[in-house]
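Secondary and tertiary structure notes
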Amino acid sequence: MSKTKLIISKNGFIKIEGDFEIVDAEGMPYNVQGRTSLGLCRCGLSANKPFCDGSHRNGFEHDAKAFDLPPMKAK
Ligand code: FES
């Protein structure tokens, strides 16, 4: 079983690959028909959310560069 990986693309989708399950707010799974890789919309423009339909090409810009989050606050 491969580790799930999320790849934040420049000006586009979040690619998810590996072993994953995508569920809705009620926990019902999307039937991804056996796909082991797909794009999740992060631009808000897709007509097929939560999946990317290519609409990000209409002007979505975000130069994804990795950075460190601040340390977690103690509880
Ligand atoms: S990221 Fe592709 S349509 Fe939103």
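Here the structure is shown first, and the text comes after it.
Residues numbered from 1 in each chain as written. Predicted model: local features only at pLDDT ≥ 70, side-chain atom pairs only at ≥ 80, totals over all residues. Heavy atoms only, no water.

**Some thoughts on the overall build of the protein chain**
We count it as follows: Numbered from the N terminus, helices here are DSSP runs of H or I no shorter than four residues, and strands are runs of E no shorter than two. Radius of gyration: over C-alpha atoms. The globule rule applied is 2.2 Å multiplied by the number of residues raised to the 0.38 power. Under the scheme applied here, a residue whose accessible area is under 20% of the maximum for its type counts as buried, over 50% as exposed, and between as partly exposed, the area being computed with a 1.4 Å probe on protein chains only. Working definition of accessibility: Shrake-Rupley area with a 1.4 Å probe, residue cover restricted to the visible protein chains. For this count, His and the chain ends are skipped, Lys and Arg are scored as positive, and Asp and Glu as negative. Here the site of a charge means NZ on Lys, CZ on Arg, CG on Asp, or CD on Glu.
A tally of helices and strands in the protein chain yields zero helices and three strands. Each helix (α) and strand (β) of the protein chain, taken in turn from the N terminus, gives the series β-β-β. Over its C-alpha atoms the protein chain spans a radius of gyration of 14 Å, topping by over 25% the 11 Å that the globule rule assigns to 75 residues. Seen through its principal axes, the protein chain has C-alpha atoms that stretch 40 × 35 × 25 Å. Residue burial in the protein chain is summarised as follows: out of 75 residues, 25% are buried. Roughly 6200 Å² of accessible area belongs to the protein chain as shown, and the carbon and sulfur atoms make up 53% of that amount. Positive and negative side-chain charges of the protein chain, numbering 11 and 9 respectively, have mean locations separated by a distance of 6 Å.

**Remarks on the pattern of salt bridges**
Test applied: Any carboxyl oxygen of Asp or Glu within 4 Å of a side-chain nitrogen of Lys or Arg constitutes a salt bridge here.
Under the definition given, this model contains one salt bridge. Close ionic contact of Glu17 with Lys15 constitutes a salt bridge, the shortest N to O distance being 3.5 Å. You can call Lys15 partly exposed: its relative accessible area is 30%.

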